[in-house]
Structure formats: C-alpha cells, structure tokens
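Chain by chain, the residues run as shown.
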Amino acid sequence: MPTALRLLLALLLLFAMLGTGLSADKKPLVVVLATGGTIAGGADSDTTTIGYKAAVFGVDRVLASVPALAKVADIRAEQVFQLASENMTPAHWLILGKRVNQALKDPAVSGVVITHGTDTLEETAYFLHLTVKSDKPVVLTGSMRPATAISADGPLNLYNAVCLAGTAEARGKGVLILMNDAILSARDTTKTNTFATDTFRAPDSGPLGFMQLGRPLFYRLPARAHTLATEFAVDALTALPQVEILYGYAGSNASQVTSALAAGAKGIVNAGTGNGSLPDGTKAALAQARARGVLVVRSSRTGSGVVTRNGGVDDDALGFVAADNLTPQKARILLALALTVTSDPLRIQRMFDTY
Ligand code: SIN
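Residues numbered from 1 in each chain as written. Predicted model: local features only at pLDDT ≥ 70, side-chain atom pairs only at ≥ 80, totals over all residues. Heavy atoms only, no water.

(A) Focus on the domain arrangement of the protein. When cut into domains, the protein gives domain 1 (23-229) and domain 2 (243-354). Here the C-alpha centre of domain 2 lies 30 Å away from the C-alpha centre of domain 1. Of the residues lining the interface, 17 residues belong to domain 1; the matching set on domain 2 comes to 15 residues. Contact between domain 1 and domain 2 buries roughly 1,300 Å² in total, counting both sides, with carbon and sulfur atoms accounting for 54%. (Domains from an automatic or database assignment. Contact = heavy atoms within 4.5 Å. Buried area = accessible area lost by both parts, 1.4 Å probe.)

Below is the structure:
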C-alpha cells in the first residue's frame, strides 16, 4: 500500500477514536467513591419505589448492574460510607473532600464519580465545588428508584456519570451533578421533587448540558468561581464552624434565633420570606446575634431568585450578608467555609458575590 494512503488511513482511524473520546490503547481511569443512598437501596418487591431501604448494596454490586462500564472506563471503586444521605454531616464532607483531592492527585486518574443519596446530594456537591483542588471532573450521581425496582434509574445515571468523568470536556467546569441525562452545576442545582426522576433542577439557570450515548453535550458554563479558584482548602480543616438555618413563616418569631444561639451557632442563615424579608421580632433578635459576633445571612425560602443586599432590609446598618441566589442549604455551606477564613461580614459578602 502506498505510504500516503497508509498515512491517510491512520489519520482517519485517529479522528474516529477522538470522536468517541477513546485514546488508541487506553480507557480513562475513573475512581468511583460510593456513599450509599437509593442507588444502593433495595426492597423485597420490584414494584416498591417508596418505602425501600437506602444504602444496602455495596459498590461492587452497584457497579455490576452496569456491565457496559467495562467498555468505557477502567474503574477503581471504594466504599467510603454506607449512608442514607439525610445522615450525611459536615464531618463526612471533610473526609470525602480529602479523599477526592487525594484521588485526583494521581496522574493516572481522569476523574471521580461519587454515588450519593439524593436528599442531600446537592449539599455535598456544593461543598466539593468550593473545596476540591483540581480541574479534573468530579461528578455526583444517585437515583430516585432503588436498585431492585422496575425501571431503576441508577444504572443509566451511573453509566452517564462515569462516561462524563472520563471526558476532557468535563474538565474545569467545577463539580457536576448527573441525573436523568442532565449535566448540572453543583452551585445552582437543587432537588425539587420528592419522587420524580427529573427532580434535580437549576431553577435560575437550567442544566449545563446533557448526556447522549455516553457523550456530553455542553451548552453553558458555570459563571461563578469554583474548585481551584476558591480560597477554601479542605485539607487543612478538621471541623467546620456551626451554622444553623432558621425558617421564616407568617407568625415566626425570635425563638428560633434564641435556640440557634443556645446551640452555639457561629453563623445563622435565615431562610426568609420573599426577598429574604424578616418579621420585626426576628430582625431585632438577629441584630442582637450579630452584635454578639454571630454572622447572619439573609436567604429566601422561595427556592429561586436573588436576595438583594439592602433590598428591603438595611444589611449595611445591621451587618448582615445577602445570600444572592444560593438556597439556604447552600448559603449555610458557603458561610461555614467563609468563617474558616474571616469573620468580617463585608469580606463574607464579597464571597457570596463571587462563589
Ligand atoms: C438518600 O438520600 O439517601 C435517600 C433518598 C435517595 O437517595 O433518593
């Protein structure tokens, strides 16, 4: 065969392989860190999709339900925890964050997938988004139906998450959530429905993209700083400052503030009504808390939209911080991390405007 033709064939083969994301001889190495949840959950009957037991199957069994993974990645799996995610705590985040950083330091590793219960998945994801020190992909996934159910959603979610974590396209986009074919940013995403498989939504911004046939299609990028660009470092931390969330409602009063202070809170996130509005009694109690050195963040219980600094409440005068469009549970994570760096409310406001 003439040399020019041979060269042309070799080039065509290379382009075909690049198109599928596979290198000539190597699949990406993806580390799967399992933490429990419904994706590892089971029930006696295959029609039981509510009232099953979360976190019963080990990572090997979860991976074995997706034989196609062997075609798309080499997997290194580890059972980090075995929890229903309502039992996840900041202490677990610290362990997990350090484990993720360690895994990504290995030059052979392309990315990390974390299997997680969906109830607090968004919180773990945002904590990692602010603390992981790598631009390699970190993808959290889970499922709404247990592994034993008809049409369990875990296997396809896991397949897509591993494919995503193995791609170069997912690098530098912060921590991602992969559920129901959608690729979502950890910052903007929240669980919106108690049982639906499309429960994860980013109300103010939508998904970053979608998975199709194991390949990502990206349409948007996260605008806020994350991972390598933050000032937070999990490796040096042994605990997070205590931050409590209070909930506003018609007739709510100062008693929640009193309880938070009695519990030793260093920070309070108030999930206020509307644009973070506060009843007079709560506002006065929060002002007293602030005078005692406790950091106060105004967020909203509405689930979307921006809480505006000095919008209806005089944050400048009271020394409060406005949560931007972070949900109360995300604002709590950012405030806890911020308090590891500073107790200056204006510096903390700048962090809320940045991350
Ligand atoms: C959990 O969060 O661990 C249980 C619910 C779920 O994974 O969907």
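Let's pick the thread back up.
(B) Quick look at the confidence of the model for the protein. Taken residue by residue, the protein gives an average pLDDT of 95. The fraction at 70 or more is 93%. This stretch, residues 15-22, has a pLDDT under 50; its non-local contacts, to residues over four places away or in other chains, come to six contacts. (pLDDT = per-residue confidence, 0-100.)

(C) Main features of unusual backbone geometry. Positive phi, close to 50°, is recorded for Leu213, a residue that is not glycine. Its location among the elements puts Leu213 in the loop between strand S9 (209-212) and strand S10 (215-218). Residue Asn310 is not a glycine yet carries a positive backbone phi of 60°. Tracing the sequence through the fold places Asn310 in the loop between strand S13 (295-300) and helix H9 (315-318). (Helix = DSSP H or I, 4+ residues; strand = E, 2+ residues; numbered from the N terminus.)

(D) Just helix H10 (residues 328-339), in detail. The end-to-end C-alpha distance of H10, which contains twelve residues, comes to 16 Å, matching closely the 16 Å that a straight helix rising 1.5 Å per residue would cover. Counting buried positions along H10 yields ten of twelve residues, so the element is predominantly enclosed. Among the residues making up H10, those that are buried are Pro328, Lys330, Ala331, Ile333, Leu334, Leu335, Ala336, Leu337, Ala338 and Leu339. Those residues of H10 hidden inside the fold are in contact with helix H4 (90-105), helix H5 (121-131), strand S11 (243-247), strand S12 (267-272), S13 and helix H11 (345-354). (Expected span 1.5 Å × (residues − 1). Buried < 20%, exposed > 50% of the residue type's maximum accessible area, 1.4 Å probe, protein only.)

(E) Here's a closer look at the sheet that holds strand S14 (residues 321-322). In space, the four strands of this open sheet follow the order S11-S12-S13-S14, with parallel pairing throughout. The sheet is open, and its two edges are formed by S11 and S14, each paired on a single side. Pairing of S11 with S12 involves five bridges; the strand directions are parallel. Counterpart to Leu246 in the pairing with S12 is Asn270. Seen against the sheet, helix H8 (residues 280-291) touches S11, S12 and S13 and runs at an angle of roughly 160° to S12. Contacts between H10 and the sheet are confined to S11, S12 and S13, with S12 contributing the most and set at about 160° to the helix. (Pairing = 2+ DSSP bridges. Axes fitted to C-alpha atoms, helices over the stretch in contact; angles between N-to-C directions.)

(F) Region of interest: the sheet that holds strand S3 (residues 109-115). Spatially, the eight strands line up as an open sheet ordered S2-S1-S3-S4-S5-S6-S9-S10, and their pairing is mixed. Among the strands making up the open sheet, the edge pair consists of strand S2 (74-83) and S10. Pairs of neighbouring strands in the sheet enclose a mean axial angle of 25°, with direction left out of account. Note: strand S1 (residues 29-36) against S2, seven bridges, orientation parallel. Within S2, the position partnered with Leu33 by the bridge is Glu78. Across the sheet, H4 lies against S1, S2, S3 and strand S4 (138-141), angled at about 160° from S3, the strand it touches most. Across the sheet, helix H6 (residues 154-165) is in contact with S1, S2, S3, S4, strand S5 (175-179), strand S6 (182-185), S9 and S10; its angle to S3 comes to roughly 155°.

(G) Seen up close, the pairing of S12. In terms of burial, S12 is largely enclosed, as six of its six residues are buried. Of the two faces of S12, the one carrying Gly267, Val269 and Ala271 and the one carrying Ile268, Asn270 and Gly272 are both buried. A crossover links S11 with its parallel partner S12, the connecting element being helix H7 (residues 255-262), and its sense is right-handed. As paired strands, S12 and S13 are joined by six bridges and run parallel to one another. Bridging from a neighbouring strand, Ile268 pairs with Val296 of S13. (Right-handed = clockwise from strand over helix to strand, strands pointing away.)

(H) Inspection of the site of the ligand at higher detail. Every residue close to the ligand is listed here: Gly37, Thr38, Tyr52, Ala84, Ser85, Gly117, Thr118, Asp119 and Ser143. One of the side-chain N or O atoms of Ser85 is found 2.6 Å from an oxygen atom in the ligand. Thr118 places a side-chain nitrogen or oxygen 2.5 Å from an oxygen atom of the ligand. If the ligand stood free it would expose 250 Å²; the protein chains cover 94% of that surface. Partitioning the shell around the ligand into residue classes produces two nonpolar, six polar and one charged. (Near = heavy atom within 4 Å. Polar contact = N/O pair within 3.5 Å; in protein donor to acceptor, adjacent residues only side chain to side chain. Areas by Shrake-Rupley, 256 points an atom, 1.4 Å probe, with all protein chains shown as cover. Nonpolar A, V, L, I, M, F, W, Y, C, P; charged D, E, K, R; others polar.)

(I) Inspection of the environment of Val139 at higher detail. With respect to the helices and strands, Val139 occurs in strand S4. Val139 sits 212 residues away from Met351 along the chain, and the two C-alpha atoms are 24 Å apart. If we ignore the near neighbours within four places in the chain, the residues touching Val139 are Val112, Val113, Ile114, Ala161, Leu164, Ala165, Leu176 and Leu178.

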